[in-house]
Amino acid sequence: MVNEIILDNTLIKVNHYEQEIVNGLHQISIVFNVTTEEYHDIATLLYKGTFEVTVPDLVLFFRGTINKYSTSITNLYEEAQVGEYKLSLLETEI
């Protein structure tokens, strides 16, 4: 069971993890929570779009780009809010 991934140097605790191979490339889909306190850092990170992806539990490492993204809440600036983020990353071809 995968409990966390690392995007660049940022550790993300995941609630749900799926992995598949699409046209010979890795694709992972995750669901994770983001708190008001984490919002700015996560939003800034995700804005980059492409990351070094590490899945420590599976010894998996690849460069990946966001191909799907959604969130349950759009304003995490209000105190004590938690949003559920859904993110799919597809390995980039080298």
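Up top is the structure.
Nothing here was measured: the structure is a model prediction, and the numbers come from that model. (Residues numbered from 1 in each chain as written. Predicted model: local features only at pLDDT ≥ 70, side-chain atom pairs only at ≥ 80, totals over all residues. Heavy atoms only, no water.)

Topic: helix H1 (residues 36-47)
Spacing of three or four residues puts side chains on the same side of an α-helix, whose turn is 3.6 residues.
Inference 1: Here H1 spans 17 Å end to end across 12 residues, near enough to the 16 Å set by a 1.5 Å rise per residue.
Inference 2: Within H1, the full set of buried residues consists of Thr36, Tyr39, Ile42, Leu45 and Leu46. The arc enclosing the buried residues of H1, seen along the axis, measures out at 145°, which places them on a common side. Away from its buried face, by an angle of more than 90 degrees, H1 presents the exposed residues Glu37, Asp41 and Tyr47.
Inference 3: Buried residues in H1 make contact with strand E1 (4-7), strand E2 (10-13), strand E4 (25-35), strand E5 (50-55), strand E6 (60-71) and strand E7 (82-91).
Inference 4: Positive phi shows up at Gly49, right after H1, with a value of about 85°. (Helix = DSSP H or I, 4+ residues; strand = E, 2+ residues; numbered from the N terminus. Expected span 1.5 Å × (residues − 1). Buried < 20%, exposed > 50% of the residue type's maximum accessible area, 1.4 Å probe, protein only. Arc of directions from axis to C-beta. Contact = heavy atoms within 4.5 Å.)

Let's talk about the environment of Asn9
Inference 1: Its location among the elements puts Asn9 in the loop between E1 and E2.
Inference 2: Residues Asn9 and Gly49 lie 40 residues apart in sequence; the distance between their C-alpha atoms is 14 Å.

Let's talk about the pairing of E1
Inference 1: The two faces of E1 differ: Ile5 and Leu7 on one face are buried, but Glu4 and Ile6 on the other face are not.
Inference 2: Direction of pairing for E1 relative to E2: antiparallel, over a ladder of four bridges. The residue bridging Ile6 from the neighbouring strand is Leu11, located in E2.
Inference 3: Hairpin connection of E1 to E2: two residues between the antiparallel strands, including Asp8 at a positive phi of 55°.
Inference 4: In this sheet, E5 lies alongside E1 in antiparallel orientation, the contact comprising two bridges. Counted as the bridge partner of Leu7 is Val53 from E5. (Pairing = 2+ DSSP bridges.)

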